[in-house]
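These are the residues of each chain, in order.
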Amino acid sequence: MIQSARNKYEQIDIKRLKSFVSVVIVLVSFCLISSCQNDTTERISDSQEAYNEMLLDSNQAVVYTVPTPVQITSALKLLDITYSDEIIQETKNNKISYVSTFSKAINLGIHLVDLTYVVIYDNNQASLIYFDKIEKLTRELDLQNNKTIPVLTKCKKFITNKDSLFYTLLTLQNEMDRKLFEAQKEEISLIIISGFYIEGLYMLTNHYEKLIKNKSFTSFYSNNLNNIIFQQKLYLESLLDLLKMYPDEDVQKL
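One structure accompanies this document, and this report is about it.

Rules used in this analysis
- Residues numbered from 1 in each chain as written.
- Predicted model: local features only at pLDDT ≥ 70, side-chain atom pairs only at ≥ 80, totals over all residues.
- Heavy atoms only, no water.
- Salt bridge = Lys/Arg side-chain N within 4 Å of Asp/Glu carboxyl O.
- Helix = DSSP H or I, 4+ residues; strand = E, 2+ residues; numbered from the N terminus.
- Buried < 20%, exposed > 50% of the residue type's maximum accessible area, 1.4 Å probe, protein only.
- Polar contact = N/O pair within 3.5 Å; in protein donor to acceptor, adjacent residues only side chain to side chain.
- Contact = heavy atoms within 4.5 Å.

On to the pattern of salt bridges, then. Evaluation of the coordinates by the stated rule reveals nine salt bridges. A salt bridge links K179 to D142; its shortest N-O distance comes to 3.8 Å. Of this pair, K179 sits in helix α9 (residues 162-182) while D142 sits in the loop between α7 (124-140) and α8 (148-157), and the two are 37 residues apart along the sequence. What makes K179 buried here is its relative accessible area of 19%. The network of salt bridges with common partners includes K104, K136 and E140.

Spelled out as structure tokens, the structure:
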């Protein structure tokens, strides 16, 4: 199903569909699977709080938890799942120049997830390729200003430093969201977030499939990955509620 959706979006200059997992799942994984520095975990948790979108009407406040680009890739690494260069070949080698704001925004979200994937698995060459793509798309989407440019500079500086880069990427997302909110272009922020969701889900299900194919799908993987996939269904419902608020034709297709 994910592969079918991916093919559909390639027809409108979108190379992938992707996903996110709650930071709670990632933080639990940090505690159970890996010894992670407390200050890094706390910084990521603090940044996640900044991405809780609150939508108000005259009666109540509705809170939606939104994805970040680091969550699925962090979970894969923490579960000690083997890196697959095949997964990122299409987006890494893609030379398409996106025309519409929609395609630029969703591919920015996609490439941010791809960047975290190759960084966390120490593919330094691919990291620079994705950073260049991200820098280009943020410029074309008019997301570069006196707050986001220094953060982009830090991203490039920390391209081989996982903890610092991931925290900086969360800061970048926060600053982009703020700029889009001030410009009353919240739908672009939501499209970027959809890119996170789709790419993460694409990576997650592909690795899941590879484990089964290679007969490596142990109970450990089953318990952890099934829980993460279940979270995707829960968050998808919130994401769809947000998308329905925007009548744009491309958003409705998404």
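With that settled, consider the side chain of N123. Considering the arrangement of structural elements, one finds N123 in the loop between α6 (101-120) and α7. You can call N123 buried: its relative accessible area is 17%. Side chain to side chain, N123 and Y83 meet in a polar contact 2.9 Å long. A polar contact is formed between the side chain of N123 and the backbone nitrogen of A126, at a distance of 3.2 Å. Sequence-distant contacts of N123, defined by excluding residues within four places in its chain, comprise Y83, D85 and V118.

In this section: unusual backbone geometry. Positioned with a positive phi, D122 is a non-glycine residue whose angle comes to about 65 degrees. Relative to the elements of secondary structure, D122 occurs in the loop between α6 and α7. Take D122: its relative accessible area is 48%, and that puts it in the partly exposed class. Phi angles above zero are rare outside glycine, and D142 is one such case at about 60 degrees.

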